[in-house]
Amino acid sequence: MTSLPLIPVDPDAPGARRASMPPQHLADLDLAGRKALVTGLGEPAFRARQISTHYFGRLVRDPAQMTDLPAASRARLADQLLPRLLNPVRELACDDGATRKALWRLHDGALVESVLMGYPDRVTVCISSQAGCGMACPFCATGQAGLTRNLSTAEIVDQAVYLAGVAASGAVVGSPARLSHVVFMGMGEPLANYNRVVAAIRRLVAPAPEGLGLSQRHITVSTVGLVPAIHRLASEDLSVTLALSLHAPDDELRDELVPVNQRWKVSEVLDAAWAYAARTGRRVSIEYAMIKDVNDQPWRADLLGRLLAGKLAHVNLIPLNPTPGSRWDASPKPVEREFVRRLRDAGVSTTVRDTRGREIDGACGQLAAAEDMGTDPAGNLSA
Ligand code: SAH
């Protein structure tokens, strides 16, 4: 690695492209806000609940299907509350249909992706919080292109509502029909779009018809480690799961792999994680991409073990998913097994993440909107 990139932590700061935010949508507002808007349009307040029940309760996103609304009201409400935010570009499936990736074009042409993963006991969606990402982690495809803009709250929520609808249609054979888990592990750094991400979480957990009614502990926010934002998240009345993308136990290597480490060091970010765990009672997930001959040495496993022993933490090792043109590769399985063994010997609970969606570029860190790069991901199911 030659030079270390500068990190624009505040995406609205000079240098980050000025946001071209989409029109307001009902998912940007809580129920009270929707009622105020609806009555402001001269409609009875109960229409807010009616339209919310369609969207969050029945997962109906298309106003044309809301046939219990009088036509004139429907047009007015659709215009103000249900603008189309996500234009489908393509949808890909793999793992016998249990993994699906949706690529969206936003109103300003920005591209984002979302992934649905069906398991026997749950359905998880992985959603994007920004178009692109400003964190510049060199092993991550999204990090290579830089930040385009923050997503609005509704652009975030609508990804989950759409994929919840896909699951509800029974499309994911062998999995429950109800979406249960949401992970903010798609494109973007969620804590760099703090207010909109927290509002999106509130919509995801509010009971229908205000929101999707998911359990807080089934929502995971994954971060590179923006320390002030972790503290702030701990002080919200939310107890979502925090995932920290650590990837190295020492500052020298983490400064390269997760450049924001130049601002907040390993010890600071772990302290913030433990404060989060103490405040919420929730175990923090430590994410660690296994990169051959880079961060997978036994001594690094031992150092990581010492940092995490006795803490409310769980290690999630992610086999590196090499990005196109990358000089890095995943660690060999025996090296990975030794890493796991050493962590477990240190008393640290450790698992290896499955690698869903590889063939559709839907696996971790691969969400780079291949369309934009002129390449065609597997392309076996076009929408
Ligand atoms: N910005 C957030 C969330 C997005 S990435 C974060 O960094 O946590 C979700 C996870 O995928 C992170 O742990 C990230 O480090 C990891 N990841 C990114 N690129 C990867 C790759 N090529 N292989 C494996 N994991 C990767």
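What you see is a predicted model, and the numbers here were worked out from it, not measured in a lab. (Residues numbered from 1 in each chain as written. Predicted model: local features only at pLDDT ≥ 70, side-chain atom pairs only at ≥ 80, totals over all residues. Heavy atoms only, no water.)

### Description of helix α5 (residues 153–168)
Since the α-helix packs 3.6 residues into each turn, any two residues three or four apart lie on the same face.
Reasoning step 1: Given a rise of 1.5 Å per residue, 16 residues ought to cover 22 Å, and the 22 Å separating the end C-alpha atoms of α5 matches this to within 8%.
Reasoning step 2: In the segment just after α5, Gly-170 is the residue with positive phi, at about 85°. (Helix = DSSP H or I, 4+ residues; strand = E, 2+ residues; numbered from the N terminus. Expected span 1.5 Å × (residues − 1).)

### Examining the UniProt feature "binding site: S-adenosyl-L-methionine" (unreviewed entry) in the protein chain
Reasoning step 1: Mapped onto this structure's residue numbering, the UniProt feature "binding site: S-adenosyl-L-methionine" (unreviewed entry) falls at Gly-188, Glu-189, Ser-222, Ser-245, Leu-246, His-247 and Asn-321.
Reasoning step 2: Position of Gly-188 among the secondary structure elements: in the loop between β7 (181–184) and α6 (194–205).
Reasoning step 3: On the accessibility criterion, Gly-188 (17% relative accessible area) is buried.
Reasoning step 4: One can find Leu-246 in the loop between β9 (241–245) and α8 (251–257).
Reasoning step 5: In this structure Leu-246 comes out as buried when scored by relative accessible area, which is 0%.
Reasoning step 6: With sequence-adjacent residues up to four places away left out, Leu-246 is seen in contact with Arg-254, Val-258, Val-269, Leu-270, Ile-286, Glu-287 and Leu-304. (UniProt positions renumbered as here; feature names shortened; annotations may be inferred. Buried < 20%, exposed > 50% of the residue type's maximum accessible area, 1.4 Å probe, protein only. Contact = heavy atoms within 4.5 Å.)

### Focus: the site of the ligand
Reasoning step 1: Inspection of the region around the ligand gives 20 residues, with Phe-139, Ser-222, Ser-245, His-247 and Asn-321 positioned closest.
Reasoning step 2: One nitrogen or oxygen atom from the side chain of Glu-189 is found 3.1 Å from a nitrogen atom belonging to the ligand.
Reasoning step 3: With respect to the ligand, the backbone of Asn-321 contributes an N or O atom lying 2.8 Å from a nitrogen atom.
Reasoning step 4: The fraction of the free accessible surface of the ligand (530 Å²) that becomes covered by protein chains is 96%.
Reasoning step 5: Of all the secondary-structure elements, those providing two or more residues to the shell around the ligand are β8 (219–223) and β11 (313–319).
Reasoning step 6: For the shell around the ligand, the per-class residue count stands at 10 nonpolar, 8 polar and 2 charged. (Near = heavy atom within 4 Å. Polar contact = N/O pair within 3.5 Å; in protein donor to acceptor, adjacent residues only side chain to side chain. Areas by Shrake-Rupley, 256 points an atom, 1.4 Å probe, with all protein chains shown as cover. Nonpolar A, V, L, I, M, F, W, Y, C, P; charged D, E, K, R; others polar.)

### Concerning the pattern of salt bridges
Reasoning step 1: One pass over the full model with this rule turns up 18 salt bridges.
Reasoning step 2: A salt bridge links Arg-202 to Asp-237; its shortest N-O distance comes to 3.0 Å. Residue Arg-202 is located in helix α6, and its partner Asp-237 is located in the loop between α7 (227–234) and β9; the two are separated by 35 residues in the primary sequence.
Reasoning step 3: In this structure Arg-202 comes out as partly exposed when scored by relative accessible area, which is 28%.
Reasoning step 4: Across the pair Glu-287 and Arg-353 runs a salt bridge, and its minimum N-O distance is 2.2 Å. With Glu-287 in strand β10 (residues 284–290) and Arg-353 in the segment after β12 (349–352), this pair connects stretches of sequence that are 66 residues apart. Each of the two residues, Glu-287 as well as Arg-353, counts as buried.
Reasoning step 5: Shared partners join several salt bridges into a network, and the residues in it are Asp-302, Glu-338, Arg-341, Arg-342 and Asp-345. (Salt bridge = Lys/Arg side-chain N within 4 Å of Asp/Glu carboxyl O.)

### Describing unusual backbone geometry
Glycine aside, residues mostly have negative phi, and peptide bonds are mostly found in the trans state.
Reasoning step 1: Cis rather than trans, the peptide bond between Ala-208 and Pro-209 has omega equal to 10°.
Reasoning step 2: Tracing the backbone through its elements, the reader meets Pro-209 in the loop between α6 and β8.
Reasoning step 3: Positive phi, close to 60°, is recorded for Leu-59, a residue that is not glycine.
Reasoning step 4: Its identity as a non-glycine residue notwithstanding, Asp-96 has a phi of 55°, on the positive side.

### Focus on the packing of helix α10 (residues 298–308) against helix α11 (residues 333–345)
Reasoning step 1: Two elements in contact, α10 and α11, have axes separated by 8 Å at closest approach and are oriented at 30°. It follows from the interaxial angle that α10 and α11 lie roughly parallel. α10 and α11 meet at a crossing whose hand is right-handed. Across the interface between the two elements, Pro-298, Arg-300, Ala-301, Asp-302, Leu-304 and Gly-305 from α10 touch Phe-339, Arg-342 and Leu-343 from α11. (Axes fitted to C-alpha atoms, helices over the stretch in contact; angles between N-to-C directions. Parallel < 35°, antiparallel > 145°, perpendicular 65-115°, else oblique. Left-handed = near helix turned anticlockwise from the far one by under 90°.)

### Things to note about the nonpolar core
Reasoning step 1: The biggest cluster of nonpolar side chains holds 107 residues, and the ones touching the most others in it are Phe-184 and Ile-286.
Reasoning step 2: Core analysis: the second largest hydrophobic core is formed by 5 residues, Val-115, Met-117, Cys-126 and Val-183 among them. (Core = buried A, V, L, I, M, F, W, Y, C linked by side-chain atoms within 4.5 Å.)

### Quick look at helix α1 (residues 31–40)
Reasoning step 1: Buried residues of α1: Leu-31, Arg-34, Leu-37 and Val-38, and no others. For α1, the angular spread of buried residues about the axis comes to 125°, placing them on one side. Turned more than 90 degrees away from the buried face of α1, the exposed residues are Ala-32 and Gly-40.
Reasoning step 2: At its buried positions, α1 is contacted by α2 (46–57), α3 (71–81) and α6. (Arc of directions from axis to C-beta.)

### With respect to the environment of Leu-69
Reasoning step 1: On the secondary structure map, Leu-69 appears in the loop between α2 and α3.
Reasoning step 2: Residues Leu-69 and Arg-47, 22 residues apart in the sequence, show an inter-C-alpha distance of 8.2 Å.

### Brief notes about the side chain of Arg-254
Reasoning step 1: Tracing the chain through its elements places Arg-254 in helix α8.
Reasoning step 2: One buried charge, Arg-254, has no salt-bridge partner; the nearest side chain with opposite charge is Asp-251, at 6.3 Å. (Lys, Arg positive; Asp, Glu negative; His and termini not counted.)

### Overview of the packing of aromatic side chains
Reasoning step 1: Applying the stated rule across the entire model yields 3 aromatic pairs.
Reasoning step 2: Ring geometry for Tyr-55 against Phe-56: centres 4.7 Å apart, planes inclined by 85°, an arrangement best described as edge-to-face.
Reasoning step 3: Of the residues examined, Tyr-55 reaches a relative accessible area of 0% and is grouped as buried.
Reasoning step 4: Ring geometry for Trp-104 against Tyr-162: centres 4.9 Å apart, planes inclined by 90°, an arrangement best described as edge-to-face. In this pair, Trp-104 is assigned in strand β2 (residues 99–105) and Tyr-162 in helix α5, connecting sequence segments 58 residues apart. (Phe/Tyr/Trp six-rings, centres within 6.5 Å; stacked < 30°, edge-to-face > 60°.)

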